[in-house]
Amino acid sequence: MGRSAALQALRAQIRALEGGPRVQRRRVPCGVASVDAVIGGLPTPGVVEICGQAGSGRTRLALAIAARVTHARGAVCWVDPLARLYPVAVVQHGVQPERFLVVRPTEDGASPWAWATEQLLRSGCFSVVVVELPPRTGSRRALTQTWARAAEHGHCTALVLSHRPTRELPADVRLSVGGGRMVVMRDRTGTIGGSPPLPDWPVGHGPLA
Amino acid sequence: MSGRALVAHLPAFRLERIGYGAEDVAGLIDASHGAMRLVSLTPAGVVAGLRVGMTASEARAHHPGVPLETLDPGAEEQDHLALLRAFDAVSDRVSSPWPDEVVLDVTHIGRLHGGETETAERALALITTLGHVGRIAVADDPLAAAALAVWATPDGGVTLAPPGGSAALLAPLPIEALRPDATLVVALRAIGIERVGAFAALDPASVVGRYGAAAGRLHHVARGLGAAVVQLPASGVLQDLPSVRIPLAGATTLAELQFVLPSLIGALSERLADRDLAVVRLRVLLRLESTSKLGASPVSSVGIRVGRPTRAPETLERLIRTRIDRLEIAAPAEELCLEAIEAVPEVGWQPGLSDRSEATEPLPDLLARLEDHLGADALFSVCPADAWRPEVAWCRAPFPPARIRPADPGPEAALRSDDPLEVQEAFEHGLPTPRPALLLPAPQRIEVLGAPAPQVVGLQGRRFSVQQARGPEHLAGGWWDPSEAFDRRYWVVQIDERVAWIFHASGVWYLHGWFD
């Protein structure tokens, strides 16, 4: 028995001992055609990691999802610890500001943004919580596992934007973005490898058109 | 026409309610600063030389045999509420901002009782029926009416200031009649101002400029000016009273505080329920042992804002537990106190149509908790602003907004319009140039080769050939203010499969954002 299979079996045993209800995970179409086509929608509850360098298009993908969710009367929260999400672009991408909350921690302290992310996920008030992972974040394993549990508790989807793949993150789906396309690097229930194009630019033409 | 306020001053209410008369020398005492001190007196007690703040020993030494009763906050609250409810027979807008006064909005209701004089007499009769001594004054402003009731009206008397005529009646009163803070009293005395009339003669702009907006408000009252609608001061009595405390006997750890917290919250919740109130803001106070024998006990406190008014113990406990670790336990703690500093009538809470059924915590509670922890500016919604400078082309808006706007049909809809003017406007204004999703907090200086279009960009110690470039987009403005002036030529460049937003200003290139 392989290591991952043994872990799965142990988890199943623990669940059986605890007797808790099994979490029903679904794929909820988010309205972004390329995402729905390749992974069948957002895992809910679940964690999606979108990795890529700054300028690769990962924020565009997350904003496209946020726009669709807010138009469908869902609420989206964006945790912005690096304080660089540009609100003008948020509006240009078609996000409804009335249903879009930005959390930009201003107080010093031990990762207040990480705590805030957990609270937002756990509360269940938002359909999607997006968080941009700073490049140098200590103890990613503990952090991301906490988020995964919180997303499960709040029955929502966490979109984690990272610079490079976070192996410790128990993501249901991991997408790598670059060159105008996205590649499915991991999918717990589907297949990997598809590389559909990123969503179109929202304002009718791209910045280089 | 300005509003009209009626103030009933009951100088001995706090002692009359426990059986003493205004003519008796008696006092009310409570624990304060390590001793039992006088907190209220009958008018006869004041005449006898007793003063609020004296210790019980000093009072007994000054006036042997003076009866001193211990304050019972709960019972006093109940009686005060009963008094306020009784005044509902006179006006439906009643408030009690000060311990010995009740304020009523009597604008336009004089005719109900046969005139303002009759309204005042009815209020006075009500006070007498309840067994109290009182004084009544009616003026354009609650503060002016309170000053006239306390300082210019005898017991059992009525003072009516005609509309617009308060200034003449207030003029001879001492400046303290307007209840200024101690700093303002000292400042005014320093320039020889002792009476309200002299204060009213000062230039309004100078008063605001020199002493602040609060002094300006007092000056407004001193000049006899009222407002069209009477602004009833908040009921301080109602808000201060819901507080509970528990002795700690020298606790030094957070765990000891958390141990007693549930019972303390339960007691506060019960007291709120007694008055059908829900708390909006509360304060946790930790009284520490004094390090010097003469000094007052140091206090460590933390304020907590409740998103949705509540008195649910579990909600309050969750909010308090996340904040109590901010209390500094620099010395053994003597007492833990919970004070509701703002409360409103409990009206329940109905989730909105867009609230998620999965939510385990109401959104207002969550937002208040996050704001308390992260800072007031940490949570916001976005709103575009009319500015050319990219850094200020947006502003923060509250979340959630007070009103949901209908969805904007978007510039594409205008482009499909039959009206050529709309199409032209959509081209000029509706389809703005795309902006980067990520804007650096401050532009980062970079090295760029090529002119006028960039051909090579140096970033993080590496050089990248520009695969594609578009520009320049000239953004300039603020020329009238040297500190705000800017003149930039922006380029969108594709380098290494990434799209950057760079600009050229004063011969230097900067990276300003990423089309991420």
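Residues numbered from 1 in each chain as written. Chains lettered and ligands numbered in written order. Predicted model: local features only at pLDDT ≥ 70, side-chain atom pairs only at ≥ 80, totals over all residues. Heavy atoms only, no water.

## Describing the sheet that holds strand 9 (residues 243-251) of chain B
All names here are of chain B. Strand order in the open sheet formed by 4 strands is 9-12-10-11, with antiparallel pairing between adjacent strands. Each having just a single partner strand, strand 9 and strand 11 (299-310) make up the two edges of the open sheet. Along the sheet, successive strands turn relative to each other by an average axial angle of 15 degrees, direction set aside. Pairing of strand 10 (residues 277-288) with strand 12 (residues 333-345), which is carried by 11 bridges, proceeds in the antiparallel orientation. Note that in strand 12 the partner of Val284 across the bridge is Leu338. Helix-sheet contacts for helix 14 (residues 254-274) involve strand 9, strand 10 and strand 12, and the interaxial angle to strand 9 is about 165 degrees. Packed onto the sheet, helix 15 (residues 313-323) meets strand 10, strand 11 and strand 12 and runs at close to 140 degrees relative to strand 11. (Pairing = 2+ DSSP bridges. Helix = DSSP H or I, 4+ residues; strand = E, 2+ residues; numbered from the N terminus. Axes fitted to C-alpha atoms, helices over the stretch in contact; angles between N-to-C directions. Contact = heavy atoms within 4.5 Å.)

## Details of the pairing of strand 18 (residues 486-495) of chain B
Residues and elements named next belong to chain B. With respect to burial, strand 18 is a largely interior element, 8 of its 10 residues being buried. Alignment of strand 17 (residues 462-477) against strand 18, held across 9 bridges, turns out to be antiparallel. In the strand pairing of strand 18, Val466 is matched with Ile495. Relative to strand 19 (residues 498-505), strand 18 runs antiparallel, the two being bridged by 7 bridges. Within strand 19, the position partnered with Ile495 by the bridge is Arg498. Once strand 18 ends, the chain turns through 2 residues before running back antiparallel as strand 19, passing Asp496 with a positive phi of about 55 degrees. (Buried < 20%, exposed > 50% of the residue type's maximum accessible area, 1.4 Å probe, protein only.)

## With respect to the nonpolar core
In this structure, Leu61, Ile65, Phe100, Leu159 and Leu175 of chain A are the most contacted members of the largest nonpolar core, which totals 50 residues. With 8 residues, helix 3 (residues 58-71) of chain A is the largest single contributor of residues to this core. Aside from chain neighbours lying at most four places away, what touches Phe100 of chain A is Ala66, Val76, Trp78, Leu85, Val90 and Val95 of chain A together with Phe380, Ser381 and Phe399 of chain B. Of all hydrophobic cores here, the second largest spans 34 residues; its members include Leu101, Ala116 and Ala171 of chain A together with Phe399 of chain B. (Core = buried A, V, L, I, M, F, W, Y, C linked by side-chain atoms within 4.5 Å.)

## Points about the pattern of salt bridges
On inspection of all chains with the given rule, the structure shows 28 salt bridges over all chains. Of the charged contacts, one joins Glu118 of chain A and Arg122 of chain A as a salt bridge, the two residues approaching to 3.2 Å between their closest N and O atoms. Of this pair, Glu118 of chain A and Arg122 of chain A are both found in helix 5 (residues 112-123), 4 residues apart, which corresponds to roughly one turn of the helix. Look at Arg122 of chain A and you get partly exposed, because its relative accessible area is 28%. The salt bridge partner of Arg17 of chain B is Asp79 of chain B, with a shortest N-O separation of 2.6 Å. Taken as a pair, Arg17 of chain B in the loop between helix 1 (13-16) and strand 2 (27-32) and Asp79 of chain B in helix 4 (residues 73-86) lie far apart in primary sequence, 62 residues in all. (Salt bridge = Lys/Arg side-chain N within 4 Å of Asp/Glu carboxyl O.)

## What to know about the interface of chain B and chain A
Bring the parts together and some accessible area is lost; that lost area is often taken as the interface size. Contacts between chain B and chain A engage 55 residues on the former and 59 residues on the latter. Each partner contributes to the roughly 5100 Å² buried at the junction of chain B and chain A, and carbon and sulfur atoms together form 63% of this total. Contact with chain A buries area across many residues of chain B, yet Arg356, Leu374 and Asp516 of chain B alone supply 15% of it, more than any other trio. Counting the contacts that link chain B with chain A gives 1 salt bridge. The partner of Arg58 of chain A in a salt bridge is Asp516 of chain B, and the shortest N-O contact between them spans 3.1 Å. For the side of chain B that touches chain A, the elements supplying multiple residues, two or more each, are helix 16 (363-374), strand 13 (379-384), strand 15 (438-449), strand 17, strand 18 and strand 19 of chain B. Looking at the side of chain B that touches chain A, the element that brings in the most residues is helix 16 of chain B, giving 8 residues. In this sheet, strand 13 of chain B lies alongside strand 5 (residues 100-103) of chain A in antiparallel orientation, the contact comprising 2 bridges. Bridge pairing in strand 13 of chain B links Val102 of chain A to Phe380 of chain B. (Buried area = accessible area lost by both parts, 1.4 Å probe.)

## Some details on the environment of Leu160 of chain B
Residue and element names in this part refer to chain B. Relative to the helices and strands, Leu160 is located in strand 8 (residues 158-160). The exposure class of Leu160 is partly exposed, given its relative accessible area of 31%. The spacing of Leu160 and Ala120 is 40 residues in sequence and 8.5 Å in space, taken between C-alpha atoms. When neighbours within four sequence positions are excluded, Leu160 is seen to be in contact with Glu116, Thr117, Val138 and Leu169.

## Here we look at the side chain of Thr59 of chain A
Locating Thr59 of chain A in the fold gives a position in helix 3. By relative accessible area, Thr59 of chain A is classed as buried at 1%. In contact with Thr59 of chain A, other than residues within four places in its own chain, are Trp78, Leu85 and Leu161 of chain A together with Ala437, Leu438 and Asp516 of chain B.

## Comments concerning the state of the cysteines
Counted according to the given criterion, the structure contains 0 disulfides over all chains. No disulfide involves Cys383 of chain B; its nearest neighbouring cysteine sulfur is the one of Cys395 of chain B, lying 4.0 Å away. (Disulfide = S-S within 2.5 Å.)

## Description of the packing of aromatic side chains
For the coordinates displayed, the defined rule picks out 8 aromatic pairs over all chains. Centre to centre, the rings of Trp78 of chain A and Phe100 of chain A are 6.1 Å apart; their planes meet at 55 degrees, and the pair counts as tilted. Taken together, the positions of Trp78 of chain A in strand 4 (residues 76-79) and Phe100 of chain A in strand 5 put the pair 22 residues apart, joining distant regions of the chain. Given a relative accessible area of 1%, Trp78 of chain A falls into the buried group. Taking 5.2 Å as the distance between ring centres and 85 degrees as the angle between the ring planes, the aromatic pair formed by Trp479 of chain B and Trp480 of chain B counts as edge-to-face. Residue Trp479 of chain B is classed as exposed on the basis of its relative accessible area, which comes to 71%. (Phe/Tyr/Trp six-rings, centres within 6.5 Å; stacked < 30°, edge-to-face > 60°.)

## Focus on the pairing of strand 6 (residues 101-105) of chain B
All names here are of chain B. The element strand 6 is largely enclosed, with a buried count of 5 among its 5 residues. Examined bridge by bridge, strand 1 (residues 5-9) and strand 6 share 5 bridges and lie antiparallel to one another. Within the sheet, the bridge partner assigned to Leu6 lies in strand 6 and is Leu104. The hairpin turn running from strand 5 (residues 94-95) into strand 6, its antiparallel successor, is 5 residues long.

## Considerations on the environment of Leu112 of chain B
Residue and element names in this part refer to chain B. Along the polypeptide, Leu112 turns up in helix 5 (residues 110-113). According to the relative accessible area criterion, Leu112 is exposed, its value standing at 68%. Separated by 21 residues in sequence, Leu112 and Ser91 have C-alpha atoms that sit 9.9 Å apart.

## Focus: the sheet that holds strand 19 of chain B
Strands pair in a sheet through their backbones, by hydrogen bonds, and they do so in one of two ways: parallel or antiparallel. Residues and elements named next belong to chain B. If you trace the 6 strands once around the closed barrel, you get 15-16-17-18-19-20, paired in antiparallel fashion. Going across the sheet, the axis of each strand differs from the next one's by a mean of 45 degrees, ignoring polarity. Note: strand 15 against strand 20 (residues 508-514), 5 bridges, orientation antiparallel. Following the sheet pairing, Arg445 is matched in strand 20 by Tyr510.

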